[in-house]
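A structural walkthrough
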Amino acid sequence: MDAQGRGRAEDIDPADQWVLNPNTGEYELRLTPSAPQSSVPGPRRAASRAAGKSAQGAAGGTAGGAVRNRAAAPGRETRSAPGREVPPQRRRRGAPEEPLPGRRGRRPAKKANKAKKAVLWTGGIMAFVVVAAAAGAYLYIEHLNDNIQSVSDDGASTGGFSKDKAINILLIGTDKRTGAGNGSYGDKGSAGHADTTILLHVSKDRSNATALSIPRDLIVDIPDCQTEQEDGTQKVIPGETGERFNTSLGQEGRTPSCTMRTVTELTGIKPDNFMVADFNAVKTLTSAVGGVEVCLAKDINDPDSKLNLTKGEHVIEGEQALAFVRTRHSVGFGGDLSRIGLQQQFLSALMRKLKSNDTLTSPTKMIKLAEAGTKALTVDSNLDSIDKLKDLGLELGKLNTKNLTFTTIPVIDNPAEKVKATVVLDETKAPEVFEAIQNDVSFTAVKQQKKKEAAAVAARLKGTKADASEVRVQVINGGAPAGSAQETLTWLQTEEGVDKSENAGNAPATLAKTTLEYAPEQADQARRLAAIMGLSGAAMKPGKSVTNSQGLPMMTLTLGKDFKGAGVSLTAPTKAPDVPKSTADKVECAK
């Protein structure tokens, strides 16, 4: 009886007779003890007879019968000695293994085991590499964090930039002689004044930005300043009137937060964050990106700044870049305002280089830039980690350089001076510039923004207007000076004929801008009130009406922080004032 016959005779599943050999890792056929048989060897059977018996087994066996020839050699019947177990069946040397039909998967091949081990080993190596890389990246980030120097904003900022709002960053370049090779630059013994200052405004939709330069010799009022000194103590530094802007930093122990307060006082714009850079920043950042391209309209050899370049285009970095931004006697009128134009050209070139593929696709340059940037800048305490700087960088990275405008606060020579050394605000133009930035108005022609604004104005302001006597509105104060709601109500009733109006007190929240909310059926009333108040289409908010004491629907006029008084138009500028400016995408030669 062959192996399959034994299994069937004893109601044993043949597949259960395959046993895993722990020494070889293979499955082998191991038969159960058979019934006692004669110890005398029986006569050999003819091969044909054995073959016939095998054929009969194949005809009447199960699907597992295909492996019978592995249980007994052809032409030979399997026997066992009385009382002895049949030894495990061995595969003949060189004979191929045959899988069990219908039982596939129970006997893994040896090669599969090797492959599995190889995969596990490779996976282990890769896991180690990933962990090592992650650890390396973490350590490098920690290293960059250690590079960052931060100081307190002393409550002078908004608390930090937001991803869903316009961004205002105050960039301050000092004349402090820190760093190797800088001993001959700047004012000897300077505490680090605000030598170069730019207020960078990035629009809410990130479609445009304005870099507003503030002349260092501009006469301003410096407010009282609560500061945290280097030793950790708190100190209130008294304010001063009629002082140069650059003394808002360094003088009398003033910190960058004092410059921030001065900018707010001057422009009405409260910065979100500040960054302070010294002479080294110009040198290291330009070297990190492999130099920036600038252009000169004439030869310059300035012994004061140590700039010596011929007319035409040049790629500058390091000491030469610093000399370029410091030179003033050889360009324009030879004063600080002429140097500002040169610095704006340099920053435009640096922006172009930073956003170029040559920089963004070079890991070496990006690492050098990260090192240089984190070492060269001192930031406020709301930007004191690489993660925060990365988030700010991602927001700024959305900007197209052709929509980054450089301009300068409009100024005139100080009329109080016989020898002109300082400047004062141009009171006819400067307020327009400040208001444009406050209202997030682009200084470049951003077509998409203009189309959106035009569509909003057309949809809300154009159409029939109700008579003033038919306008029903409640007035509430949402950030305007105290008493503004009553002042506006009196003006509307006595001078504009809006009799159906009432004072509803204070709004539940403060608003930056005045708004008028109305229901669709009140659109004609809203257009009339907008015309009276001088509201823009953006100030009109289609929504819901409220009910007055007589049960009649009323609109809601909320006076925001931008409210300037009853009868003063609230129409925000939709076009920036015409002032000298340049954009970061164009190369302009210094004259």
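Our subject is the structure listed above.
Quick caveat, the model's predicted, so the values are computed rather than measured. (Residues numbered from 1 in each chain as written. Predicted model: local features only at pLDDT ≥ 70, side-chain atom pairs only at ≥ 80, totals over all residues. Heavy atoms only, no water.)

**Observations concerning the state of the cysteines**
Convention followed: For the purposes of this analysis, a disulfide is any pair of cysteine sulfur atoms at a distance within 2.5 Å. Only DSSP runs of H or I with at least four residues qualify as helices, and only runs of E with at least two residues qualify as strands; both kinds are numbered from the N terminus onward. Buried residues are those whose accessible area, probed at 1.4 Å on protein chains only, stays under 20% of the maximum for their type, while exposed residues exceed 50% and partly exposed ones sit between those limits.
Scanning the entire structure with this criterion turns up one disulfide. The disulfide partner of Cys225 is Cys258, and the gap between their sulfur atoms is 2.1 Å. The sign of the -95° torsion about the S-S bond sets the Cys225-Cys258 disulfide as left-handed. Taken together, the positions of Cys225 in strand S8 (residues 225-228) and Cys258 in helix H5 (residues 256-267) put the pair 33 residues apart, joining distant regions of the chain. On the basis of relative accessibility, which here comes to 1%, the residue Cys258 falls in the buried class.

**Considering the packing of helix H6 (residues 279-288) against helix H7 (residues 318-326)**
Note the threshold: For every element, the axis is a line fit to its C-alpha atoms; helices are fit only across the contacting stretch, and the angle between N-to-C directions ranges from 0 to 180 degrees. These descriptions rest on fixed angle ranges, namely under 35 degrees for roughly parallel, over 145 for roughly antiparallel, 65 to 115 for roughly perpendicular, and the rest for oblique. Each helix crossing is assigned a hand: it is left-handed if the near helix lies turned anticlockwise from the far helix by less than a right angle, otherwise right-handed if that turn is clockwise. In this description, contact between two residues means that some pair of their heavy atoms is separated by no more than 4.5 Å. When residues are sorted by character, Ala, Val, Leu, Ile, Met, Phe, Trp, Tyr, Cys and Pro go into the nonpolar class, Asp, Glu, Lys and Arg into the charged class, and all the rest, Gly among them, into the polar class.
At a minimum axis separation of 8 Å, H6 and H7 run at an interaxial angle of 130°. Put simply, H6 runs oblique to H7. Read as a crossing pair, H6 and H7 show a hand that is right-handed. Contacts from Phe279, Val282, Lys283, Thr286 and Ser287 in H6 reach Gly318, Glu319, Ala321, Leu322, Val325 and Arg326 in H7. Considered class by class, the residues forming the contact of H6 with H7 number five nonpolar, three polar and three charged.

**A word on the environment of Thr210**
You can see Thr210 is positioned in strand S6 (residues 209-214). Residues Thr210 and Phe443, 233 residues apart in the sequence, show an inter-C-alpha distance of 6.8 Å. Once you skip the residues sitting within four places of it in the chain, Thr210 turns out to touch Leu199, Leu200, His201, Leu404, Thr405, Thr407, Ile437 and Phe443.

**Regarding the packing of helix H14 (residues 484-495) against helix H15 (residues 523-533)**
Following both chains from N to C, one finds H14 and H15 inclined at 105°, their axes separated by 12 Å at the closest point. Here H15 runs roughly perpendicular to H14, going by the angle between their axes. For the pair H14 and H15, the contacting residues are Thr488, Trp491 and Leu492 in the first and Leu529, Ile532 and Met533 in the second. Of the residues assigned to the contact of H14 with H15, the class counts are five nonpolar, one polar and no charged.

**Quick look at unusual backbone geometry**
In the Ramachandran plot, Arg206 falls in the positive-phi region, its phi being about 60° despite a non-glycine side chain. Secondary-structure assignment places Arg206 in the loop between strand S5 (194-202) and S6. Exposure remark for Arg206: the relative accessible area of 5% places this residue in the buried category. For Glu252, which is not a glycine, the phi torsion comes out positive at approximately 60°. Within the secondary structure, Glu252 sits in the loop between strand S10 (240-244) and H5. For Glu252, a relative accessible area of 53% gives the class exposed.

**Quick word on empty space enclosed by the protein**
Here is the rule: A cavity, in this analysis, means grid points on a 1 Å lattice covering only the protein atoms where a 1.4 Å probe fits yet has no way out; a pocket is instead an open set bounded by protein on both sides within 12 Å along at least five of seven lines, and a residue lines either one if it has an atom within 4 Å of a point. Grid points are joined across faces, edges and corners, and a volume is the space filled by probe spheres set on the points.
The tally for this structure, following the rule as stated, stands at one cavity of 30 Å³ or more. Considered as a void within the structure, the largest cavity measures approximately 60 Å³ in volume. Asp195, Thr196, Thr197, Ile198, Ser213, Ile214, Pro215, Arg216, Asp336, Ile340, Gln343 and Gln344 together form the lining of the largest cavity. For the lining of the largest cavity, the secondary-structure elements that each account for two or more residues are S5, S6 and helix H8 (336-354). Residues of the lining of the largest cavity, tallied by class, amount to four nonpolar, five polar and three charged.

**Points about H5**
Rules: To estimate how far a helix should reach, multiply one less than its number of residues by 1.5 Å.
Here H5 spans 17 Å end to end across 12 residues, near enough to the 16 Å set by a 1.5 Å rise per residue. The buried fraction of H5 is high, at nine of 12 residues. For H5, the complete set of buried residues consists of Pro256, Ser257, Cys258, Thr259, Met260, Thr262, Val263, Leu266 and Thr267. Downstream of H5 by one or two residues, Gly268 has phi in the positive range, about 80°.

**Quick word on the pairing of strand S22 (residues 515-518)**
The criterion, for reference: Strand pairing follows a simple DSSP-based rule, namely that at least 2 bridges must link the two strands. A clockwise path from the first strand over the helix to the second, with the strands pointing away from the viewer, defines a right-handed crossover.
Inspection of the sheet shows S22 paired to strand S25 (residues 553-559) by three bridges, in the antiparallel sense. Paired with Glu517 across the strands is Thr556, a residue of S25. Both S22 and strand S23 (residues 540-542) contribute to a ladder of three bridges, which runs parallel. Each residue of the ladder has a partner; that of Leu516, found in S23, is Met540. Between the parallel pair S22 and S23, the chain is carried across by H15, and the sense of this crossover is right-handed.

**Details of the environment of Ala530**
Along the chain, Ala530 turns up in helix H15. Separated by 15 residues in sequence, Ala530 and Thr515 place their C-alpha atoms 9.7 Å apart. Beyond its immediate sequence surroundings of up to four residues, Ala530 is in contact with Leu461, Leu535 and Met540.

**Digging into the pattern of salt bridges**
Selection criterion: Between Lys or Arg on one side and Asp or Glu on the other, a salt bridge is scored when a side-chain nitrogen of the former is within 4 Å of a carboxyl oxygen of the latter.
Taken as a whole and judged by the stated rule, the model has 14 salt bridges. The salt bridge partner of Asp391 is Lys390, with a shortest N-O separation of 3.7 Å. On the basis of relative accessible area, Asp391 is assigned to the partly exposed category, the value being 21%. The exposure class of Lys390 is partly exposed, given its relative accessible area of 45%. Linked by salt bridges that have partners in common, Asp195, Arg216, Asp217, Arg244, Asp336 and Arg339 make up one network.

**A closer look at the nonpolar core**
Which entries qualify depends on this criterion: The definition of a nonpolar core used throughout is a set of buried Ala, Val, Leu, Ile, Met, Phe, Trp, Tyr and Cys residues joined through side-chain atoms within 4.5 Å.
Counting residues in each nonpolar core, the largest one holds 29 residues, and the members touching the most others are Leu218, Leu266 and Ile409. Contributing elements (two or more residues each) for this core: strand S4 (167-174), S5, S6, strand S7 (219-222), H5, strand S11 (273-277), strand S19 (423-425) and helix H12 (430-438). Ranked by the residues each element gives to this core, the list is headed by H12, at five residues. Residues in contact with Ile409, not counting those within four places in the same chain, are Leu212, Ser213, Ile214, Pro215, Leu266, Leu425, Ala430 and Phe434. Counting residues in each nonpolar core, the second largest holds 25 residues, with Ala526, Leu535, Leu557 and Leu559 among its members.

Functional significance is not addressed by these values, which are geometric in nature.
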